[in-house]
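What follows is the residue order along each chain.
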Amino acid sequence: MIKNIFKARPNTAIIIVLAFFSIYVFWGSTYLLNKIAVTELPPLMLAAIRFITAGTLIFIIAKLLGLPLTITRPQIKNCIISGFLFLTYGNGVVVWALKYVDSGFAALEASTQPLIILLLMRFFQGKKIRIMSVVGIVLGFIGIYLLVSQQQLSTQEGSTLGIIMIFTCILSWSIGSLFVAKADLPPNYFINTGYQMLFGGIMLSISSVAVGETWISPLNWSFKVQASIIGLILFGSIAAFTSFNYLLKVVSTEKVATSAYVNPIIAMLLGWYFLEEQITLQSVLAAAILLTGVYFINSKKKVLIFSRFSGRMGRMLDDT
């Protein structure tokens, strides 16, 4: 059965639901797992081991299932580009930033991705911005301001740089999402994930050596770090990233970005429960406003201001 799932290109409701569950819940937990691991391990080394191991496991599983690993030169180039945007920079720098900001805060900041994707689609693809989306953008900027203007952050060393770097990662992920949606990549989503992770992990390992990180043997990791890495590899990498690549091909990019609804809530709750991270009232307010903005950005409903504006004016609003 597993072999048939990986070989097929399913577009059934149940597969899509499971894929969304994967990117919602599994990715929401990766902030906690990365935060635990980065307390003991260098960030780029941590991410490199995670993705190289995950990519290798994918190829081993694919070989056992008899899946073809063939890839063309253009697909190799596109896998390298997407691997860099998503994993080398988009994930590696987030892991580094987790040394300076709470896991829940990082996830909440990352929830601005739908806003960034919408703006990129407007500037580079000429996509029209609907009235509902304009409302979402305004709410998004308000939420961002409330999130990063908290006085508590100013007392944490390196927090400002961490916040800025996470925003650059969001931009990298957003560009990658638009790129992958149209790029020529291996048609099998499992194999596609494997190549992106392998190339992304190799680039991370090169970056780790280049910046002088000291690699630590897994035998010297604590049990909680070992468990975190296993979770990151199996669930955060193989399951979630395969689901992510699948969804980018079968549903709209904006819908895939709705993982921003759930990821920060799960990350904040896990960080509060396991790491005793503080959840401030301002963070809760920022989360509510940000996620409301994300809802407006992805909503297909009309904005009805006054009933007398129906008809021609209503159609004009729908087209904007």
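Cut-off values and rules
Residues numbered from 1 in each chain as written. Predicted model: local features only at pLDDT ≥ 70, side-chain atom pairs only at ≥ 80, totals over all residues. Heavy atoms only, no water. Helix = DSSP H or I, 4+ residues; strand = E, 2+ residues; numbered from the N terminus. Buried < 20%, exposed > 50% of the residue type's maximum accessible area, 1.4 Å probe, protein only. Contact = heavy atoms within 4.5 Å. Phe/Tyr/Trp six-rings, centres within 6.5 Å; stacked < 30°, edge-to-face > 60°. Patch = residues over 30% accessible without salt bridge, like charges linked within 9 Å, V, L, I, M, F, W, Y side chains within 5 Å. Areas by Shrake-Rupley, 256 points an atom, 1.4 Å probe, with all protein chains shown as cover. Salt bridge = Lys/Arg side-chain N within 4 Å of Asp/Glu carboxyl O. Axes fitted to C-alpha atoms, helices over the stretch in contact; angles between N-to-C directions. Parallel < 35°, antiparallel > 145°, perpendicular 65-115°, else oblique. Left-handed = near helix turned anticlockwise from the far one by under 90°. Core = buried A, V, L, I, M, F, W, Y, C linked by side-chain atoms within 4.5 Å. pLDDT = per-residue confidence, 0-100. Nonpolar A, V, L, I, M, F, W, Y, C, P; charged D, E, K, R; others polar.

Some thoughts on the overall build of the protein
No. 1: Broken down by element type, the protein carries 16 helices and zero strands.
No. 2: The buried share among the 320 residues of the protein stands at 51%.
No. 3: Sequence separation of 24 or more characterises 90% of the internal contacts of the protein that already satisfy a separation of 6 or more.

Some points on the packing of aromatic side chains
No. 1: Here the structure, examined in full by the defined rule, presents 20 aromatic pairs.
No. 2: When the ring of Phe84 is compared with that of Tyr89, the centres are 6.3 Å apart and the planes differ by 40 degrees; the resulting orientation is tilted.
No. 3: Take Tyr89: its relative accessible area is 24%, and that puts it in the partly exposed class.
No. 4: Their ring planes at 50 degrees and their centres at 4.7 Å tell us that Phe86 and Trp173 sit as a pair that is tilted. With Phe86 in helix α4 (residues 73-89) and Trp173 in helix α10 (residues 159-182), this residue pair connects regions lying 87 residues apart in the sequence. For the pair formed by Phe86 and Trp173, the shared burial category is buried.
No. 5: Taken together through their ring pairs, the aromatic side chains of Trp27, Phe86, Trp173, Phe241 and Phe244 make up a single cluster.

Considerations on a nonpolar patch on the surface
No. 1: A grouping of Ile265, Leu269, Trp272, Tyr273, Phe274, Leu275, Ile279, Leu281 and Val284 is seen on the molecular surface, where their side chains present a nonpolar patch of about 930 Å² in accessible area.
No. 2: Taken together, the elements giving at least two residues each to the nonpolar patch come down to α14 (259-275) and α15 (281-298).
No. 3: The element that contributes the greatest number of residues to the nonpolar patch is α14, accounting for six residues.
No. 4: Within the secondary structure, Ile265 is located in helix α14.

Topic: the packing of helix α3 (residues 43-65) against helix α11 (residues 189-210)
No. 1: Relative to each other, α3 and α11 sit at 150 degrees, their axes nearing to 7 Å. Taken as axis vectors, α3 and α11 run roughly antiparallel relative to one another. The two elements α3 and α11 cross, and the hand of that crossing is left-handed.

Examining the nonpolar core
No. 1: Counting residues in hydrophobic clusters, the biggest one holds 73 residues, and the most contacted among them are Leu46, Phe86, Ile229, Phe241, Phe244 and Leu247.
No. 2: Here this core gets twelve residues from one element, more than from any other, and that element is α3.
No. 3: Counting residues in hydrophobic clusters, the runner-up holds six residues, among them Leu115, Leu118, Ile129 and Ile297.

Structural notes on the confidence of the model for the protein
The predicted structure's coordinates, where accompanied by low pLDDT, should not be read in detail.
No. 1: Looking at the protein, pLDDT values average 84 and 87% of them are 70 or higher.
No. 2: Helix α16 (residues 312-318) is the least confidently modelled element of the protein, averaging 34 in pLDDT, while α4 averages 97, the highest of any element.
No. 3: Scored below 50 in pLDDT, residues 1-8 makes twelve contacts in the model with residues more than four places away or belonging to other chains.
No. 4: Of the regions scoring below 50 in pLDDT, residues 302-320 engages in twelve contacts with residues more than four places distant in sequence or in other chains.

Thoughts on the packing of α4 against α10
No. 1: Packing of α4 against α10 brings their axes to within 8 Å, and their N-to-C directions diverge by 150 degrees. Considered as vectors, α4 and α10 are oriented roughly antiparallel to each other. Our pair here, α4 against α10, has a crossing hand that is left-handed. Here Asn78, Ile81, Ser82, Leu85, Phe86 and Tyr89 of α4 lie close against α10, whose contacting residues are Met165, Thr168, Cys169, Ser172, Trp173, Ile175, Gly176, Ser177, Phe179 and Val180.
No. 2: Its residues placed into classes, the contact of α4 with α10 shows ten nonpolar, six polar and no charged.

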